[in-house]
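This is what each chain is made of:
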Amino acid sequence: MNVILFFLIILETIGNIGTLICIPIMINFIFYRKEWHIYYRSIFSSLVVACTIHSISSIVIYSIIFKINYVPVLGTNFELVDIYSVSRLLLKGSCGTVRICIWIMGIERTFATVKKKNYEEFHSYIITLIMIIVPFAYGFNIDTIGNAWNFYKKNYVNFCIAFDCLTLVVFIILLVLNRKLHTLHNRKMLTLSEKFQIGENIRLVKISLPITILFILDNNAFNIVFNIYTLTPTEDEIITLINYGSLAYCYICFFIFTLYQYKERLNSKYCLGRNKVLNLQTNDLELKTSDNTQKNNGNQSLKIVNANNTLIPMDYDQKSYFKVYANVW
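Computed from a predicted structure; not experimentally measured. (Residues numbered from 1 in each chain as written. Predicted model: local features only at pLDDT ≥ 70, side-chain atom pairs only at ≥ 80, totals over all residues. Heavy atoms only, no water.)

Trainee: Residues and numbers for the overall build of the protein, please.
Mentor: A tally of regular secondary structure across the protein gives 11 helices and 2 strands. Overall, the protein shows an N-to-C arrangement of helices and strands of α-α-α-α-α-α-α-α-α-α-β-β-α. Per-residue burial for the protein yields a buried fraction of 38% across its 329 residues. Long-range pairs, those at least 24 residues apart, make up 77% of the contacts in the protein with a sequence separation of at least 6. Summing over all exposed atoms, the protein offers an accessible surface of approximately 19900 Å²; the carbon and sulfur share of this is 65%. (Helix = DSSP H or I, 4+ residues; strand = E, 2+ residues; numbered from the N terminus. Buried < 20%, exposed > 50% of the residue type's maximum accessible area, 1.4 Å probe, protein only. Contact = heavy atoms within 4.5 Å. Areas by Shrake-Rupley, 256 points an atom, 1.4 Å probe, with all protein chains shown as cover.)

Next up, the structure:
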């Protein structure tokens, strides 16, 4: 096997395995994001599912390449051609799904900014279902759309670049706009609902920006290669697989950045859970000690010790008690 091809397989496999390791963490993370709007949670969940499909398909493809010892070209006959073809279809569809998820994120956050006064009141399960289905319906039917619409097929790359850049500009505008709106928070010109929505807009736009930037940079870099150089079918397939493989590292960076944005809440949740366990253990020990003491001592007396480790007298009469109480106040 070619040394370069071997290292390519290793690097791409490591990236996709890393993505798969992050997936359960992200699923658990999304589950506990109750403060997220249902629309954003739906889109984000679709994106994570698409990343999962991407990684599994990539691992299958590189396993086949490792087995047959070369990079096959679609349309030719080779060992495990059916599995390879299906995996390539899933790989291409997952990338299209991620792209449309990013676009919908931009639209959803734009709507959240415009309707910041009462956006939390919008909860339509039909719209939620549409947001889940549309990315996959588009991503896995790109070729079908291209065959039905020749203009789209010829200008697909330019179409994607234009919409990706437009989405990036929208996210930047939303971030700047919501930060300016956040300054009104100090002037007490916003309602409680608006304050919450603006804060969420800033946080979620900051989450959406990295995947948008990484996705655009990665794909546009390879699009430049495809446009500048005349490649053979094998070279074209290799560059395409490298493009797909590099996206796995983009997804890992995106997941890590997302978790980093919520590190304070995650840390507080961990500390809170840990303190609960410690408190339960402490309470159990105290109860056991108290029970044992009560069993051994028939007569119990209440004693209070002050900071100087001296006993505070408890045998006050009513008059003395009220006098002490009055002095304290």
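Picking up after the structure, the text goes on.
Trainee: Describe the side chain of Q261, with residues and values.
Mentor: Along the polypeptide, Q261 turns up in helix α9 (residues 233–261). In this structure, Q261 is in contact with R203, K206 and I207, ignoring residues within four places of it in sequence.

Trainee: How would you sum up the nonpolar core? Please name residues and give values.
Mentor: By size, the foremost hydrophobic cluster in this structure holds 63 residues, and its most contacted members are W36, F44, I65, I207, L241, Y251 and F255. Elements with a contribution of two residues or more to this core: α1 (3–31), α2 (38–68), α3 (81–114), α4 (125–139), α7 (156–183), α8 (192–228) and α9. In terms of residue count, α2 provides more of this core than any other element does, 13 residues in total. Once residues lying within four places of it in the same chain are set aside, the contact partners of F44 are M26, I30, W36, M105, I207, F254 and T258. (Core = buried A, V, L, I, M, F, W, Y, C linked by side-chain atoms within 4.5 Å.)

Trainee: Tell me about the packing of aromatic side chains, and please be specific about residues and values.
Mentor: Under the definition given, this model contains 24 aromatic pairs. The interplanar angle of 40 degrees and the centroid separation of 5.6 Å between the aromatic rings of F44 and F254 together place this pair among those described as tilted. Note that F44 is positioned in helix α2 and F254 in helix α9, a separation of 210 residues in sequence. For F254, a relative accessible area of 1% puts it in the buried group. Relative to Y138, the ring of W103 has its centre 6.1 Å away and its plane inclined at 50 degrees; by these criteria the two rings are tilted. (Phe/Tyr/Trp six-rings, centres within 6.5 Å; stacked < 30°, edge-to-face > 60°.)

Trainee: Run through a nonpolar patch on the surface, naming residues and quoting values.
Mentor: Among the surface-exposed residues, V3, F6, F7, I10, L11, I14, F66 and Y249 lie close enough to one another that they form a single nonpolar patch of about 760 Å² accessible area. Among the elements that take part in the nonpolar patch, α1 stands out by supplying 6 residues, more than any other. By the element assignment, V3 lies in helix α1. (Patch = residues over 30% accessible without salt bridge, like charges linked within 9 Å, V, L, I, M, F, W, Y side chains within 5 Å. Salt bridge = Lys/Arg side-chain N within 4 Å of Asp/Glu carboxyl O.)

Trainee: Can you lay out the environment of I256 for me, pointing to particular residues and giving the numbers?
Mentor: Summarising the element assignment, I256 is placed in helix α9. Taking C-alpha positions, I256 is 9.4 Å from M26, a pair spaced 230 residues apart along the chain.

Trainee: Give me the UniProt feature "transmembrane region" (unreviewed entry) in the protein: which residues, what numbers.
Mentor: Annotation from UniProt places "transmembrane region" (unreviewed entry) at residues 6–31, 43–65, 125–144, 156–177 and 241–260. Structurally, residues 43–65 is divided into 100% helix and 0% strand, and its ends, taken at the C-alpha atoms, are 33 Å apart. Split by type, residues 125–144 is 90% helix and 0% strand. Its first and last C-alpha atoms lie 28 Å apart. (UniProt positions renumbered as here; feature names shortened; annotations may be inferred.)

Trainee: With reference to specific residues and values, describe the environment of M189.
Mentor: Residue placement: M189 occurs in the loop between α7 and α8. If near-sequence neighbours (up to four positions away) are discounted, M189 is found in contact with L184 and E194.

Trainee: Could you give me a rundown of the pattern of salt bridges, with the residues and numbers involved?
Mentor: With the rule as written, the count across this model stands at 6 salt bridges. Among the ionic pairs, E237 bridges to R88, the shortest N-O distance being 2.8 Å. In this pair, E237 is assigned in helix α9 and R88 in helix α3, connecting sequence segments 149 residues apart. Here E237 and R88 have matching classes, each one buried. R109 is the partner of E108 in a salt bridge, and the nearest nitrogen-oxygen pair spans 2.6 Å. Judged by its relative accessible area of 2%, E108 falls in the buried class. Here R109 falls in the buried class, since its relative accessible area comes to 1%.

Trainee: Describe the packing of α7 against α8, naming the residues involved and giving the relevant values.
Mentor: Packed helices, taken two at a time, are described by the angle their axes make and the gap between the axes. The interhelical angle for the contact between α7 and α8, taken along N-to-C directions, is 155 degrees, at an axis separation of 9 Å. In this view, α7 runs roughly antiparallel relative to α8, as classed from their interaxial angle. Pair α7 / α8 crosses with left-handed handedness. Taken together, the residues of the contact of α7 with α8 sort by class into 16 nonpolar, 8 polar and 3 charged. (Axes fitted to C-alpha atoms, helices over the stretch in contact; angles between N-to-C directions. Parallel < 35°, antiparallel > 145°, perpendicular 65-115°, else oblique. Left-handed = near helix turned anticlockwise from the far one by under 90°. Nonpolar A, V, L, I, M, F, W, Y, C, P; charged D, E, K, R; others polar.)

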